[in-house]
Amino acid sequence: MEYEGILLGMGNPLLDISAVVDQEFLDKFDIKLDDAILAEEKHLPMYDDMASKYNVEHIAGGATQNSIRVAQWMLQIPGATSYMGSIGKDKYGEEMKKNAKQAGVNVHYYEDDSPTGTCAVCVVGSERSLVANLSAANCYKPDHLKRPENWALVEKAKYFYIAGFFLTVSPESIMLVAEHAAAKNKIFTMNLSAPFICEFFKDVQDKVFPYIDFVFGYETEARTFSKVHGWETENVEEIALKISQLPKASGTHKRITVITQGVDPVVVAEDGKVKLFPVILLPKEKLVDTNGAGDAFAGGFLSQLVQEKPIEECVRAGNYAANVIIQRSGCTYPEKPDFK
């Protein structure tokens with residue numbers, strides 16, 4: 001099988017500015033643990049505040065880019081993955097390019113005049129909270145996607161992955177790729193990504209939903225999705241099933257829903273049935289932080305999906321990748337995977 005460029009991701013490339021902070025810091029900037037939000041006016045001073053008070057690490061991130069990097073790492077096939085998004089012409093942008101190259105991902109960034117987007121990763125205990133200042137990442141336009149050298153990546157790919165966060169930036173670009181995937185019988189996958197996406201971007205999310213063949217998400221997003229759709233159930237298995245049964249644009253592929261629940265089993269809904277897959281339990285003392293765990297799960301899953309492995313194997317790879325990532329700071333990994 002030809003793997004070059006088989007998986008394409010599109011999203012918001014962000015430089016993670018990660019630090020272990022305290023509850024006082026969270027309170028000061030009105031941040032909840034285990035959440036992911038876009039920075040408002042009141043959050044803007046926190047980036048400097050973090051840098052002056054805490055020991056800050058810079059790690060190339062952004063949800064989709066994390067997943068694509070992890071898939072690339074799991075595949076160990078040079079150039080199997082590609083990625084598009086918008087960065088700034090600055091030192092953070094340069095860092096991003098260098099990092100992507102090292103990871104072996106074929107990146108085609110749009111370079112904007114605004115600064116490269118950043119994401120404050122506030123770690124307390126082993127939990128994390130994300131506050132993203134999109135900046136340049138917010139400037140991605142379909143014009144970049146339509147350039148022949150970039151559209152060629154779309155033509156080449158057989159699988160697509162986009163985090164829900166990109167719905168806030170370029171729904172038009174997402175629809176172009178989604179419609180292409182449906183027309184060419186390719187596999188289009190997305191992540192619910194955050195409760196605020198399901199709540200405040202419901203209309204654009206609903207518009208793209210018929211095209212999604214695999215829906216990834218975490219239990220809190222699944223419950224929010226259920227709430228905004230008036231389903232009146234908090235039961236993750238029931239919600240996963242309902243999501244899988246929402247209308248599809250093309251009948252070629254059924255929809256499969258994959259919902260992670262932290263230490264509880266992964267819920268997979270397909271063909272009107274639900275299966276549960278236990279995760280790899282980790283002793284507390286080995287847990288560094290959960291930043292990137294969901295992204296890593298999706299990346300691990302996709303690395304097997306593009307090889308047409310059964311769902312069980314995809315979930316096993318997702319759990320393996322998430323388990324590696326939570327033992328390290330941010331979405332980073334050792335040189336080679338140890339996945340058999």
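In this text, all values refer to a predicted model and were calculated from it rather than measured experimentally. (Residues numbered from 1 in each chain as written. Predicted model: local features only at pLDDT ≥ 70, side-chain atom pairs only at ≥ 80, totals over all residues. Heavy atoms only, no water.)

1. A few points about the side chain of Ser193
Here comes step 1: Mapped onto the elements, Ser193 comes out in the loop between strand S10 (187-191) and helix H8 (195-200).
Here comes step 2: Once residues lying within four places of it in the same chain are set aside, the contact partners of Ser193 are Ala163, Gly164, Phe165 and Glu221. (Helix = DSSP H or I, 4+ residues; strand = E, 2+ residues; numbered from the N terminus. Contact = heavy atoms within 4.5 Å.)

2. Some remarks on the pattern of salt bridges
Here comes step 1: What the rule picks out here adds up to 16 salt bridges.
Here comes step 2: For Asp213, the salt bridge is made with Lys248, and the minimal N-O distance between the two is 2.6 Å. Residue Asp213 is located in the loop between helix H9 (202-208) and strand S11 (214-218), and its partner Lys248 is located in the loop between helix H11 (236-244) and strand S12 (256-261); the two are separated by 35 residues in the primary sequence.
Here comes step 3: By relative accessible area, Lys248 is classed as partly exposed at 25%. (Salt bridge = Lys/Arg side-chain N within 4 Å of Asp/Glu carboxyl O. Buried < 20%, exposed > 50% of the residue type's maximum accessible area, 1.4 Å probe, protein only.)

3. Observations concerning the UniProt feature "active site" (unreviewed entry) in the protein
Here comes step 1: In the UniProt entry, the feature "active site" (unreviewed entry) is given for Asp295.
Here comes step 2: On the basis of relative accessible area, Asp295 is assigned to the buried category, the value being 15%.
Here comes step 3: When near neighbours in sequence (up to four residues on either side) are disregarded, Asp295 contacts Ala63, Asn66 and Ser67.
Here comes step 4: Side chain to side chain, Asp295 and Asn66 meet in a polar contact 2.9 Å long. (UniProt positions renumbered as here; feature names shortened; annotations may be inferred. Polar contact = N/O pair within 3.5 Å; in protein donor to acceptor, adjacent residues only side chain to side chain.)

4. Quick notes on the packing of aromatic side chains
Here comes step 1: This structure, assessed with the given rule, holds 15 aromatic pairs.
Here comes step 2: Centroid distance Trp73 to Tyr333: 4.9 Å. Interplanar angle 20°. Geometry classified as stacked. With Trp73 in helix H3 (residues 63-75) and Tyr333 in the segment after helix H13 (311-325), this residue pair connects regions lying 260 residues apart in the sequence.
Here comes step 3: Overall, the relative accessible area of 3% leaves Trp73 in the buried class.
Here comes step 4: Classification of Tyr333 by relative accessible area gives buried; the value is 18%.
Here comes step 5: Each member of the aromatic cluster is reached from another via a ring pair, and the members are Tyr161, Phe214, Phe216, Phe297 and Phe301.
Here comes step 6: The aromatic ring of Trp231 is capped on one face by Lys242, whose charged end is 5.6 Å from the ring centroid. (Phe/Tyr/Trp six-rings, centres within 6.5 Å; stacked < 30°, edge-to-face > 60°. Lys NZ or Arg CZ within 6 Å of the ring centre and 35° of its normal.)

5. Focus on unusual backbone geometry
Here comes step 1: Of note in the backbone geometry, Asp30 takes a positive phi value of approximately 55° without being a glycine.
Here comes step 2: As for its position among the elements, Asp30 is in the loop between helix H1 (23-28) and strand S3 (36-38).
Here comes step 3: Asp30 gets classed as exposed once you look at its relative accessible area, which sits at 52%.
Here comes step 4: Unusually for a residue other than glycine, Glu232 sits at a positive phi of about 50°.
Here comes step 5: If you trace the backbone, Glu232 turns up in the loop between helix H10 (219-228) and H11.
Here comes step 6: Glu232 sits in the exposed class, given a relative accessible area of 80%.

6. Considerations on the UniProt feature "domain: Carbohydrate kinase PfkB" (unreviewed entry) in the protein
Here comes step 1: Residues annotated by UniProt as "domain: Carbohydrate kinase PfkB" (unreviewed entry) correspond here to residues 25-334.
Here comes step 2: End-to-end, the C-alpha atoms of residues 25-334 are 31 Å apart, and along that stretch the chain is 40% helix and 23% strand.

7. Quick notes on the side chain of Ser67
Here comes step 1: Looking at the secondary structure, you find Ser67 in helix H3.
Here comes step 2: Of the residues examined, Ser67 reaches a relative accessible area of 0% and is grouped as buried.
Here comes step 3: The contacts of Ser67, once residues within four sequence positions are left out, are Tyr161, Asp295, Ala298 and Gly299.

8. Looking at the sheet that holds strand S4 (residues 57-61)
Here comes step 1: Pairing is mixed in the open sheet, where five strands are placed in the order S3-S8-S7-S2-S4. This sheet does not close on itself; its edge strands, each paired only once, are S3 and S4. Mean inter-strand twist for the sheet, computed between neighbouring axes without regard to direction, equals 25°.
Here comes step 2: Strand direction decides the pairing type here: strand S7 (residues 118-124) and strand S8 (residues 127-133), joined by seven bridges, are antiparallel. Paired with Val123 across the two strands is Arg128, which belongs to S8.
Here comes step 3: Those strands touched by helix H2 (residues 46-53) are strand S2 (14-20), S7 and S8, and its axis lies near 50° from that of S7. (Pairing = 2+ DSSP bridges. Axes fitted to C-alpha atoms, helices over the stretch in contact; angles between N-to-C directions.)

9. Observations concerning the sheet that holds strand S9 (residues 159-163)
Here comes step 1: Taken in spatial order, the nine strands line up as S6-S5-S1-S9-S10-S11-S12-S13-S14 in an open sheet, and their pairing is mixed. Pairing within the sheet leaves two strands with one partner each, and these edge strands are strand S6 (106-112) and strand S14 (273-277). Averaged over neighbouring strand pairs, the angle between their axes works out to 20° when direction is ignored.
Here comes step 2: Its contacts with the sheet put H3 on strand S1 (7-10), strand S5 (81-88), S6 and S9, and the angle it makes with S5 is roughly 150°.
Here comes step 3: Where H13 meets the sheet, its contacts fall on S11, S12, strand S13 (264-270) and S14, and the angle it forms with S13 comes to roughly 145°.

10. Some thoughts on the nonpolar core
Most often, soluble globular proteins keep nonpolar side chains buried together rather than apart.
Here comes step 1: Leu7, Val21, Met46, Met50, Val70, Phe216 and Phe301 are the most contacted members of the largest nonpolar core, which totals 63 residues.
Here comes step 2: Per-element tally for this core: the top contributor is H13, with nine residues.
Here comes step 3: Leaving out residues up to four positions away in the same chain, Val70 has contacts with Ala296, Gly299, Gly300, Ala321, Ile325, Cys331 and Tyr333.
Here comes step 4: Counting residues in hydrophobic clusters, the runner-up holds 52 residues, among them Val121, Ala132, Val154 and Met175. (Core = buried A, V, L, I, M, F, W, Y, C linked by side-chain atoms within 4.5 Å.)

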